[in-house]
Amino acid sequence: MRVAGRIRPPGDKSVTHRALMLAGLSRTKVVLDGALTALDAKSTARVLRQLGVAIGPLRRGEVTVVRGRAWRRPSRTLDCGNSGTTARLILGCLAGHRFEARLSGDASLRRRPMRRVTEPLVQMGATVREEAGDGLPLRIRGAQLKPFRFLSPVASAQLKSALLLAGLAGGVPVTVVEPARSRDHTERLFSYLGMDIRVDAVEISLQSAGSVWPRTEPFDLQIPGDASSAAFLVAAAILADSGELLIEDVGVNPTRSGYLDVLERMGGRIKTERRREVCGEPVADLVVSPSWLTGTEVKAAEIPGLIDEVPVLAGLAARAAGETVFRSVGELRVKESNRLNLVAENLRAIGAEAAVAGDDLHVVGSERPLRGRVETARDHRLAMTFAVLGLTDKARIELSEPASAAVSYPGFFEDLRLVTGR
Ligand code: S3P
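Reference entry: report on the structure contained in this document.

The rules behind these values
Residues numbered from 1 in each chain as written. Predicted model: local features only at pLDDT ≥ 70, side-chain atom pairs only at ≥ 80, totals over all residues. Heavy atoms only, no water. Buried < 20%, exposed > 50% of the residue type's maximum accessible area, 1.4 Å probe, protein only. Helix = DSSP H or I, 4+ residues; strand = E, 2+ residues; numbered from the N terminus. Near = heavy atom within 4 Å. Polar contact = N/O pair within 3.5 Å; in protein donor to acceptor, adjacent residues only side chain to side chain. Areas by Shrake-Rupley, 256 points an atom, 1.4 Å probe, with all protein chains shown as cover. Nonpolar A, V, L, I, M, F, W, Y, C, P; charged D, E, K, R; others polar. Contact = heavy atoms within 4.5 Å.

### Notes on helix H9 (residues 258–266)
Move 1: Among the residues making up H9, those that are buried are Gly258, Tyr259, Leu260, Val262, Leu263 and Met266.
Move 2: After H9 finishes, the residue Gly267 shows a positive phi value of roughly 110 degrees.

Structure, rendered in structure tokens:
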């Protein structure tokens, strides 16, 4: 298979959620350039509209105009769809608003833990009523919040960001101490917008946003290409027999680009060019060539920086020489699916060697043709991982459904066809 040409991944999902919410919390017109137009981004836009924010349509290749204003009590349940980031970050925003809102989502999202976010928000002063234990649906009522310092038990950017957004919406200082550094898009965006946010290793403090927030001066935000979506294109180019792929405008924030370090260690031929900064986020072009990979040990400390890339890295490990071990990836059990078990089960279903031992994932590579049926559980990252493996020599992989790719990467299959010429 030949993978060649140039391509730009869709806008960053994490940055798009944050940009939409900050624009929605402002009191001005905000123009977003390069925002993600996928289902998850649409979930955030839909919820913000229900809260009274005016948001133009999210269309590929067009800017999105947001008009921030005072939020109002929603008349119906806020439907967060499949998006954990929408649910958790909006909970943070709502904690600072004195009305009640009910949140729900699809079957996958309703199963995901919310107490990690709601418990600290309750400590800040919000009231939460669960309807089905630790998950959605639930109701939250915001209040006058208290200044807050939180020692987080998990390295979760969604949790950290929910608390920082609560501090912003509620006008109180918040400090979060993480066990390990999670993605720092919220910190970067706050800082880019002039807020007093301080980062000292794993301690993040938002002082009162006071004079700069809510912002009344119009502003623009440019959103980089999504590092996690780019990872599937990188994987396709690495697995190719020939060609060279240029992937443009990819976010290379060090709290997200751990997969590039791991691939480099495995022998991946990836060059980073034209490094620059866009609205506080590092961006670059990646040039990827076909590569022979060797297995590696991915240490627990590396996991937060590549948490969403474990499925695709595990897929690549199935084609590498020797064994790859991912240490302490238990968090994958509470993603859009039980990604830990499903990655291993699906790799085995197509004839690869993979096993879960405690919280570790082991994959042994081989060159045998990958054939079989994959159960995606409607998890976008599983669908895309196995679609890419399906490009390998003599592979015949059937996906239970391909449509979930649109959760984060609309046009994924078109882009794959474009770069493979198939
Ligand atoms: C995200 C944080 C991560 C990641 C998710 C997006 C974010 O989740 O897996 O896809 O935008 O903050 P956790 O914070 O639960 O680790």
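### Remarks on the site of the ligand
Move 1: If you check the shell around the ligand, you find Ser14, Arg18, Thr85, Arg88, Ser156, Ala157, Gln158, Arg183, Ile307, Asp308 and Lys335 and nothing else.
Move 2: One of the backbone N or O atoms of Ala157 is found 2.9 Å from an oxygen atom in the ligand.
Move 3: Residue Lys335 places a side-chain N or O atom 2.6 Å away from an oxygen atom belonging to the ligand.
Move 4: In isolation the ligand offers 380 Å² of accessible surface; the protein chains occlude 95% of this area.
Move 5: When contributions to the shell around the ligand are tallied by element, the ones reaching two or more residues are helix H1 (13–25), helix H3 (84–95) and helix H6 (157–170).
Move 6: Partitioning the shell around the ligand into residue classes produces 2 nonpolar, 4 polar and 5 charged.

### Digging into the side chain of Glu336
Move 1: Within the secondary structure, Glu336 is located in the loop between strand E18 (323–326) and helix H11 (339–349).
Move 2: Accessibility expressed as a relative area gives 8% for Glu336, which makes it buried.
Move 3: Setting aside residues up to four positions removed in sequence, Glu336 forms contacts with Asn82, Ser108, Arg112, Asp379 and His380.

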